[in-house]
Amino acid sequence: MQLNPIHVTVFKLLEGRLFRIPGYQRSYSWGRHQRVDLFRDIEEAQRSGLDHFMATVVGLTRDTIGIGAEEFRVVELVDGQQRITTLVILLKSIEKALSVASPVCGGCHHDAQF
């Protein structure tokens, strides 16, 4: 097995990938403390305009799957599944909040793609 460490943004990490958490990994267990720490780190990175190292994510590319006209790499998460799961939940929550009718624009819907 060859390791290829790369430094990427969250967008690049998620782009074109489907993450699979193998059965041997522990269940999602982050509590309020871990989530608050992550959210504070995100806020600080946004405020400062600097990159933030969120820790290592280790994944093994297993195969490719097509969904509609798009192809995605299936990545088995070996380390970092708690952070990735939390980020995906956060992004999905943001997407849902933005898709709610906005009184500012007369009931239009914002269809954010995350």
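Located above this text is the structure these notes cover.
The following refers to the structure shown.

Scoring rules and cut-offs
- Residues numbered from 1 in each chain as written.
- Predicted model: local features only at pLDDT ≥ 70, side-chain atom pairs only at ≥ 80, totals over all residues.
- Heavy atoms only, no water.
- Helix = DSSP H or I, 4+ residues; strand = E, 2+ residues; numbered from the N terminus.
- Buried < 20%, exposed > 50% of the residue type's maximum accessible area, 1.4 Å probe, protein only.
- Polar contact = N/O pair within 3.5 Å; in protein donor to acceptor, adjacent residues only side chain to side chain.
- Contact = heavy atoms within 4.5 Å.
- Salt bridge = Lys/Arg side-chain N within 4 Å of Asp/Glu carboxyl O.
- Expected span 1.5 Å × (residues − 1).

**Things to note about the overall build of the protein chain**
Then, in step 1: In terms of regular secondary structure, the protein chain is built from three helices and three strands.
Then, in step 2: Ordered by position in the sequence, the α and β elements of the protein chain form the string α-β-α-β-β-α.
Then, in step 3: Put simply, the protein chain has 114 residues, and 18% of those count as buried.

**Details of the environment of S99**
Then, in step 1: In this structure, S99 sits in helix 3 (residues 81-99).
Then, in step 2: Polar contacts involving the side chain of S99 include one to the main-chain carbonyl oxygen of K96, which spans 2.9 Å.

**With respect to the environment of Q25**
Then, in step 1: In this fold, Q25 is placed in the loop between strand 1 (17-20) and helix 2 (32-48).
Then, in step 2: As a C-alpha pair, Q25 and V78 span 53 residues in sequence and 7.8 Å in three-dimensional space.
Then, in step 3: Discounting residues that sit within four places of it in the chain, Q25 has contacts with L77, V78, D79 and Q81.
Then, in step 4: Of note is the side chain of Q25, whose polar atom sits 3.0 Å from the side chain of Q81.

**A word on the pattern of salt bridges**
Then, in step 1: With the rule as written, the count across this model stands at four salt bridges.
Then, in step 2: Among the ionic pairs, E44 bridges to R47, the shortest N-O distance being 2.6 Å. You can see E44 and its partner R47 sitting in helix 2, three residues apart, about one turn around the helix.
Then, in step 3: Across the salt bridge formed by K92 and E95, the nearest N and O atoms sit 2.7 Å from each other. Linking K92 with E95, this pair stays in helix 3, spanning three residues, or about one helical turn.
Then, in step 4: On the basis of relative accessible area, K92 is assigned to the partly exposed category, the value being 48%.

**A word on helix 2**
Then, in step 1: Relative to the 24 Å expected for 17 residues at 1.5 Å per residue, helix 2 spans 24 Å between its end C-alpha atoms, a close match to the ideal helical length.
Then, in step 2: Taken from the residues just after helix 2, G49 is the one with a positive phi, measuring 75°.

**Describing helix 3**
Then, in step 1: In this model helix 3 runs 27 Å from its N-terminal to its C-terminal C-alpha over 19 residues, within 8% of the 27 Å that 1.5 Å per residue would give.
Then, in step 2: Of all the residues in helix 3, the buried ones are Q81, Q82, R83, I84, T86 and L87.
Then, in step 3: In the core, the buried residues of helix 3 are packed alongside helix 1 (10-14), strand 1, helix 2 and strand 3 (70-79).

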